Amino acid sequence: MKCPICRHGETEKGFATVVLERYKTTLIFKQVPATVCNNCGEEFINETISSELFKTAKQAVEMGVQIDVREYLVAA
Ligand SMILES: [Zn+2]
């Protein structure tokens, strides 16, 4: 699809690194499936995946995690 940010590039399947900060918790997710613009580099993550990330972040906050780096695991 055409990129809605720069309106020039095309989005392609790829991976993104997502950083979530909640209170004192910083979570870094690597290898998150995303579509990435080949022009401006904007990353688009679908709703299913982002709600999954938020859920994980909430658990980490409750557990008192300060910083964590993890790879996003695609549910088999
Ligand atoms: Zn773009």
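Residues numbered from 1 in each chain as written. Predicted model: local features only at pLDDT ≥ 70, side-chain atom pairs only at ≥ 80, totals over all residues. Heavy atoms only, no water.

(A) Just the overall build of the chain, in detail. Within the chain, the secondary structure is distributed over one helix and four strands. Based on the C-alpha atoms only, the size of the chain along its principal axes is roughly 40 × 30 × 15 Å. Out of the 76 residues in the chain, the part that is buried amounts to 29%. For the chain, the share of sequence-separated contacts (at least 6 apart) that also reach a separation of at least 24 residues comes to 53%. On the chain, roughly 5600 Å² of surface is accessible, and the fraction owed to carbon and sulfur atoms is 52%. If the 9 positive side-chain charges of the chain are averaged to one point and the 10 negative ones to another, these points end up 4 Å apart. (Helix = DSSP H or I, 4+ residues; strand = E, 2+ residues; numbered from the N terminus. Buried < 20%, exposed > 50% of the residue type's maximum accessible area, 1.4 Å probe, protein only. Contact = heavy atoms within 4.5 Å. Areas by Shrake-Rupley, 256 points an atom, 1.4 Å probe, with all protein chains shown as cover. Lys, Arg positive; Asp, Glu negative; His and termini not counted. Charge placed at Lys NZ, Arg CZ, Asp CG, Glu CD.)

(B) View of the pattern of salt bridges. Applying the stated criterion to the full structure yields three salt bridges. Between Lys 58 and Glu 62 there is a salt bridge, and its shortest N-O distance comes to 3.5 Å. Here Lys 58 and its partner Glu 62 are both found in helix α1 (residues 47-63), four residues apart, which amounts to about one turn of the helix. Residue Asp 68 pairs with Arg 70 through a salt bridge whose shortest N-O separation is 2.6 Å. Under the relative-accessibility criterion, Asp 68 is labelled partly exposed at 23%. (Salt bridge = Lys/Arg side-chain N within 4 Å of Asp/Glu carboxyl O.)

(C) Region of the structure containing the environment of His 8. Tracing the backbone through its elements, the reader meets His 8 in the segment before β1 (11-22). Spatially, the C-alpha atoms of His 8 and Val 65 are 40 Å apart, while their sequence positions differ by 57 residues. Discounting residues that sit within four places of it in the chain, His 8 has contacts with Lys 2, Cys 3 and Asn 39.

(D) Broad picture of the side chain of Thr 11. As for its placement among the helices and strands, Thr 11 is situated in strand β1. Contacts of Thr 11, omitting those with residues within four sequence positions, involve Met 1, Cys 3, Thr 35, Val 36, Cys 37 and Phe 44.

Note that every value here comes from positions in space, so none of it alone points to a role or purpose.
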